[in-house]
Number of protein chains: 2
Amino acid sequence: MEDTGEQAAPPRKRADARRNEQALLEAAAAVFVRSGVQAPVREIAAEAGVGMGTIYRHFPQRADLVIAVYRHQVEACAAAGPALLESAPTPHAALGRWVRLFVEFLVTKHGLAGAMRDDDAGFAALHGYFLDRLVPVCASLLDAAAAAGEIETDVSALNLMHGIGNLCIGADKDPGYDAGRLVDLLVAGLRRSAVG
Amino acid sequence: MEDTGEQAAPPRKRADARRNEQALLEAAAAVFVRSGVQAPVREIAAEAGVGMGTIYRHFPQRADLVIAVYRHQVEACAAAGPALLESAPTPHAALGRWVRLFVEFLVTKHGLAGAMRDDDAGFAALHGYFLDRLVPVCASLLDAAAAAGEIETDVSALNLMHGIGNLCIGADKDPGYDAGRLVDLLVAGLRRSAVG
DNA sequence: TCAACATACGGAGCGCTGTTCCGCTTGTCA
DNA sequence: TGACAAGCGGAACAGCGCTCCGTATGTTGA
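Calculation notes
Residues numbered from 1 in each chain as written. Chains lettered and ligands numbered in written order. Predicted model: local features only at pLDDT ≥ 70, side-chain atom pairs only at ≥ 80, totals over all residues. Heavy atoms only, no water. Salt bridge = Lys/Arg side-chain N within 4 Å of Asp/Glu carboxyl O. Buried < 20%, exposed > 50% of the residue type's maximum accessible area, 1.4 Å probe, protein only. Near = heavy atom within 4 Å. Polar contact = N/O pair within 3.5 Å; in protein donor to acceptor, adjacent residues only side chain to side chain. Helix = DSSP H or I, 4+ residues; strand = E, 2+ residues; numbered from the N terminus. Nonpolar A, V, L, I, M, F, W, Y, C, P; charged D, E, K, R; others polar. Expected span 1.5 Å × (residues − 1). Phe/Tyr/Trp six-rings, centres within 6.5 Å; stacked < 30°, edge-to-face > 60°. Axes fitted to C-alpha atoms, helices over the stretch in contact; angles between N-to-C directions. Parallel < 35°, antiparallel > 145°, perpendicular 65-115°, else oblique. Contact = heavy atoms within 4.5 Å. Arc of directions from axis to C-beta. UniProt positions renumbered as here; feature names shortened; annotations may be inferred. pLDDT = per-residue confidence, 0-100. 1 Å grid on protein atoms, 1.4 Å probe; cavity = no way out; pocket = protein on both sides within 12 Å on 5 of 7 lines; lining within 4 Å. Points joined across faces, edges and corners; volume = space filled by probe spheres on them.

Within an unreviewed UniProt entry, the label attached to chain A reads Transcriptional regulator, TetR family, and the organism entered is Promicromonospora thailandica.

For the rest of this paragraph, the subject is the pattern of salt bridges. Applying the stated criterion across every chain yields a total of 14 salt bridges over all chains. Here glutamate 21 of chain A ties to lysine 13 of chain A by a salt bridge, and the two come within 2.7 Å at their closest N and O atoms. Relative accessible area serves as the criterion here: at 24%, glutamate 21 of chain A is assigned to the partly exposed category. According to the relative accessible area criterion, lysine 13 of chain A is partly exposed, its value standing at 41%. Put simply, arginine 14 of chain B and aspartate 16 of chain B hold a salt bridge, and the shortest N to O gap is 2.9 Å.

This part is about the protein's contact with DNA strand D. If you check the shell around DNA strand D, you find 26 residues, and the closest are Arg14, Asn20, Thr54 and Arg57 of chain A together with Arg62 of chain B. A share of 56% of the atoms of DNA strand D within 4 Å of the protein falls on sugar and phosphate groups. With respect to DNA strand D, the side chain of arginine 42 of chain B contributes an N or O atom lying 2.8 Å from a base oxygen. Of all elements in the fold, only α1 (15-35) and α3 (52-58) of chain A together with α1 (15-35), α2 (41-48) and α3 (52-58) of chain B reach the threshold of two or more residues within the surface near DNA strand D. When residues in the surface near DNA strand D are grouped by element, the largest group, five residues, is from α3 of chain A. When its residues are assigned to classes, the surface near DNA strand D shows nine nonpolar, eight polar and nine charged.

Moving on: the protein's contact with DNA strand C. The environment of DNA strand C is made up of 26 residues, and the closest members are Arg42 of chain A together with Arg14, Asn20, Thr54 and Arg57 of chain B. Taken together, the sugar and phosphate atoms account for 54% of what DNA strand C places within 4 Å of the protein. The contact in question runs from a base oxygen of DNA strand C to an N or O atom on the side chain of arginine 42 of chain A, over 2.7 Å. For DNA strand C, a phosphate oxygen lies 3.3 Å from a polar atom in the side chain of arginine 57 of chain B. Mapped onto the surface near DNA strand C, the elements with two or more residues apiece are α1, α2 (41-48) and α3 of chain A together with α1 and α3 of chain B. Top contributing element to the surface near DNA strand C by residue count: α3 of chain B, with five residues.

Residue and element names in this part refer to chain B. A rise of 1.5 Å per residue sets the reference length of α1, with its 21 residues, at 30 Å; its end C-alpha atoms lie 30 Å apart and thus fit the reference within 8%. When α1 is considered as a whole, its buried residues turn out to be Leu24, Leu25, Ala27, Ala28, Ala29, Val31 and Phe32. Phi turns positive one or two residues past the end of α1, at glycine 36, with a value near 90°.

Residues and elements named next belong to chain B. Under the counting rule described, the total for this entry stands at 10 aromatic pairs over all chains. With centroids separated by 5.5 Å and ring planes inclined at 35°, the aromatic side chains of tyrosine 70 and phenylalanine 105 adopt a geometry described as tilted. Taken together, the residues span a long stretch of sequence, with tyrosine 70 in helix α4 (residues 62-87) and phenylalanine 105 in helix α5 (residues 91-115) at a distance of 35 residues. Both residues of the pair, tyrosine 70 and phenylalanine 105, count as buried. With centroids separated by 6.0 Å and ring planes inclined at 35°, the aromatic side chains of phenylalanine 102 and phenylalanine 105 adopt a geometry described as tilted. Taken together, the residues phenylalanine 102 and phenylalanine 105, both in helix α5 and three residues apart, mark about one turn of the helix. Residues phenylalanine 102 and phenylalanine 105 agree in their burial class; the two are buried.

All names here are of chain B. As a packed pair, α1 and α4 sit with axes 10 Å apart at the nearest point and diverge in direction by 90°. By the angle between their directions, the pair α1 and α4 is classed as roughly perpendicular. Of the residues in α4, those in contact with Gln22, Leu25, Ala28, Ala29 and Phe32 of α1 are Leu65, Val66, Ala68, Val69, His72 and Gln73. A per-class count over the contact of α1 with α4 returns eight nonpolar, three polar and no charged.

The subject of this paragraph is α2 of chain A. Residues and elements named next belong to chain A. Along α2, the residues that are buried comprise Val41, Ile44, Ala45 and Ala48. Each buried residue of α2 sits inside an arc of 100° when the element is viewed along its axis, so together they form one side. Turned more than 90 degrees from where α2 packs its buried face, Arg42 and Ala46 sit exposed. Buried-residue contacts for α2 involve α1, α3 and α4 (62-87).

Another aspect to go through is the UniProt feature "DNA-binding region" (unreviewed entry) in chain A. Per the UniProt record, "DNA-binding region" (unreviewed entry) is found at residues 40-59 of chain A. Annotated as 75% helix and 0% strand, the span residues 40-59 of chain A places its first and last C-alpha atoms 14 Å apart.

This part covers the confidence of the model for chain A. With 87% of its residues at a pLDDT of 70 or more, chain A shows a mean pLDDT of 87. Overall, residues 1-7 of chain A carries pLDDT values under 50, and its contacts beyond four positions in sequence, including any with other chains, amount to one contact.

Taken as a whole and judged by the stated rule, the model has two cavities of 30 Å³ or more. Empty space within the largest cavity amounts to approximately 60 Å³. What lines the largest cavity is Phe32, Val41, Ile44, Ile55, Tyr56, Phe59, Gln61, Arg62, Leu65 and Val66 of chain A. Going through the elements one at a time, α2, α3 and α4 of chain A are the ones with two or more residues in the lining of the largest cavity. In terms of residue count, the dominant contributor to the lining of the largest cavity is α4 of chain A (three residues). Here the lining of the largest cavity is composed, by residue class, of eight nonpolar, one polar and one charged. A volume near 30 Å³ is recorded for the second largest cavity. As for the second largest cavity, its lining consists of Val41, Ile55, Tyr56, Phe59, Gln61, Arg62 and Leu65 of chain B. Elements with a minimum of two residues in the lining of the second largest cavity: α3 and α4 of chain B. Class assignment for the residues of the lining of the second largest cavity results in five nonpolar, one polar and one charged.

What follows is the structure, given as structure tokens:
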């Protein structure tokens with residue numbers, strides 16, 4: 001070992017390469033929501049307006065792309081929490097909007113297990129990362145709404161997220177099942193006034 | 001509706017058809033253990049010595065075959081419990097042999113989730129069937145060994161099966177990981193004398 | 001016992017997938 | 001601005017699940 005503490009300098013990427021990687025991440029997220037995570041790689045390439053070679057340069061295997069989108073969405077979801085708390089009219093409204101982002105994200109999460117069929121340990125690690133990152137964000141939204149007196153206080157963030165996750169199971173299979181609507185109802189049900 | 005109570009007579013199958021179905025079930029089980037559940041349909045057909053058409057006549061989709069093998073193995077595993085209790089020298093030996101069957105079976109079970117990616121409800125139903133059928137069998141083996149004073153009594157059947165299931169996670173991925181050996185150790189550890 | 005016929009079989013072939021490969025394009029920097 | 005590494009597009013490849021249809025065989029009534 002000859003480098004001590006000094007990371008091997010990552011040679012800065014070309015501008016178009018960085019742009020394409022970002023475009024792919026966004027295109028994949030959109031396609032996953034529209035067609036499910038098992039959507040063909042070609043469809044994602046088309047959505048992003050790039051060729052097959054480009055996709056495989058950035059993500060050597062299909063699963064790498066799924067994982068990258070997953071991480072990207074976890075980060076976006078985590079960052080959206082505080083932002084919504086500032087921009088939304090009330091903490092409860094912020095919670096509602098955040099949960100909607102979370103539901104979109106779950107499409108990718110539910111497909112992740114399939115994409116990582118051969119790597120249970122890796123999946124568990126990613127799931128842990130997801131919990132570490134998102135539960136505190138959800139909790140802060142919940143706390144803010146509680147502090148404003150808007151909602152009941154007997155539901156934990158982990159509990160709520162678990163419930164939402166379960167409501168979304170099978171949402172991609174049955175087109176008559178509107179998970180988003182049910183999740184909205186669940187969040188609405190948290191309101192103090194809803195109890196009467 | 002014109003039949004009341006009378007099931008539409010299932011027209012008896014031809015002898016070779018029944019034979020092939022059975023051969024397919026056994027071949028698939030063998031191939032799943034050897035190459036994993038994601039083994040190509042062609043490999044199973046070859047193992048059974050039949051053509052592709054035959055396999056798809058009996059099991060219209062790949063997943064149907066996986067499910068059929070799964071049910072078949074649950075039944076075989078359930079039936080093996082009492083049989084082993086009679087034939088093995090001691091209840092603890094019977095337990096050890098039964099657990100070995102159970103581990104082989106888990107290969108199929110772990111692949112089932114992948115095969116049924118689009119049917120969470122169906123998977124849950126099958127998992128329930130698996131618990132209903134196998135937990136009592138494992139419990140009776142455990143009880144017999146406990147009654148003979150061979151083992152500790154503070155581990156439930158569900159607990160033990162859960163632990164074994166977890167030990168087998170990822171066993172197909174890492175060739176250096178010998179799940180079977182670890183499971184043997186776990187069962188050996190149940191022995192009363194093992195505690196000292 | 002022996003046609004005659006429905007049933008079941010085998011395997012080439014289809015359409016789709018993930019992935020590779022390579023000639024061409026483009027951003028970067030002296 | 002020119003030279004060249006870095007990056008791109010998409011045709012081509014291998015392997016998959018599944019279908020189709022000509023052929024073979026178990027079954028059944030005479």
